[in-house]
Amino acid sequence: MGKLHGLPMGCDCCYTNHMRADQYDNENLAVLLAAAGCNYFMGVPHGDDVMLNYQSTGYHDIAAIREAMQLRPISAFEKWMEKWGFWQDGHMGPNAGDASICRTV
């Protein structure tokens with residue numbers, strides 16, 4: 001209902017490790033939700049939440065889906081990513097995936 005009323009809605013594409021699911025299922029769900037207009041995905045490093053023992057979408061998955069579907073982040077986040085070199089001209093930038101940047105952010 002929130003999406004129908006124009007509210008930005010997100011999702012955590014995830015599964016617990018004891019379920020009959022795999023990363024392909026998770027990636028398919030993320031692509032389908034992005035195509036349906038989902039505004040936000042939960043992201044954990046490498047898509048592996050070791051504390052809660054479940055698999056989710058990783059930061060790299062979200063960036064790849066955004067680029068493949070030619071989607072743009074909200075302007076404030078886009079400016080922040082461009083500042084640090086994570087995003088450039090609508091694509092992943094030269095620092096995308098460089099974890100050493102996190103020490104200075």
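The notes below deal with the structure included here. (Residues numbered from 1 in each chain as written. Predicted model: local features only at pLDDT ≥ 70, side-chain atom pairs only at ≥ 80, totals over all residues. Heavy atoms only, no water.)

### Structural notes on helix H2 (residues 59-68)
Of the residues making up H2, those classed as buried are Asp61, Ile62, Ala63, Ile65 and Arg66. Lining the buried residues of H2 we find helix H1 (23-35), strand E3 (40-41), helix H3 (75-83), strand E6 (87-88) and strand E7 (91-92). Of the residues flanking the end of H2, it is Gln70, one or two places downstream, whose phi is positive at about 55°. (Buried < 20%, exposed > 50% of the residue type's maximum accessible area, 1.4 Å probe, protein only. Helix = DSSP H or I, 4+ residues; strand = E, 2+ residues; numbered from the N terminus. Contact = heavy atoms within 4.5 Å.)

### Some points on the side chain of Thr57
One can find Thr57 in the loop between strand E5 (54-55) and H2. At a separation of 2.3 Å, a polar atom in the side chain of Thr57 contacts the main-chain carbonyl oxygen of Met42. Each residue touching Thr57, except ones within four places of it in the same chain, is listed here: Cys13, Asn26, Ala30, Phe41, Met42, Gly43, Val44, Gly47 and Ile62. (Polar contact = N/O pair within 3.5 Å; in protein donor to acceptor, adjacent residues only side chain to side chain.)

### What about the nonpolar core?
Core analysis: the largest hydrophobic core is formed by six residues, namely Cys13, Ala30, Ala34, Phe41, Ile62 and Ile65. Contributing elements (two or more residues each) for this core: H1 and H2. For Ile62, the residues in contact, after removing those within four places along its chain, are Phe41, Met42, Gly43 and Thr57. (Core = buried A, V, L, I, M, F, W, Y, C linked by side-chain atoms within 4.5 Å.)

### A few points about the pattern of salt bridges
Within the structure shown, the criterion is met by one salt bridge. One salt bridge in this structure joins Arg72 and Glu78, with 2.3 Å as the shortest N-O distance. Owing to a relative accessible area of 53%, Arg72 belongs among the exposed residues under this scheme. (Salt bridge = Lys/Arg side-chain N within 4 Å of Asp/Glu carboxyl O.)

### Quick word on unusual backbone geometry
The phi dihedral of Asn53 is positive, around 60°, even though this residue is not glycine. Relative to the helices and strands, Asn53 is located in the loop between strand E4 (48-49) and E5. On the basis of relative accessible area, Asn53 is assigned to the partly exposed category, the value being 46%. Of note, Asp89 is a non-glycine position whose phi angle comes to about 55°, a positive value.

### Observations regarding the environment of Arg72
Mapped onto the fold, Arg72 is located in the loop between H2 and H3. It is 12 Å that separates the C-alpha atoms of Arg72 and Tyr40, two residues lying 32 residues apart in sequence. Every residue in contact with Arg72, bar those within four places of it in the chain, is listed here: Arg66, Glu78, Trp87 and Gly90. Polar side-chain contacts of Arg72 include one of 2.3 Å to the side chain of Glu78.

### Overview of the sheet that holds strand E2 (residues 15-16)
Strand pairs in the sheet, formed through backbone hydrogen bonds, run parallel or antiparallel to each other. The antiparallel open sheet is built from three strands, whose spatial order is E2-E5-E4. Each end of this open sheet is capped by a strand with a single partner; those strands are E2 and E4. The sheet contact formed by E4 and E5 spans two bridges and is antiparallel. Opposite Asp48, over in E5, you have Gln55 as the bridge partner. (Pairing = 2+ DSSP bridges.)

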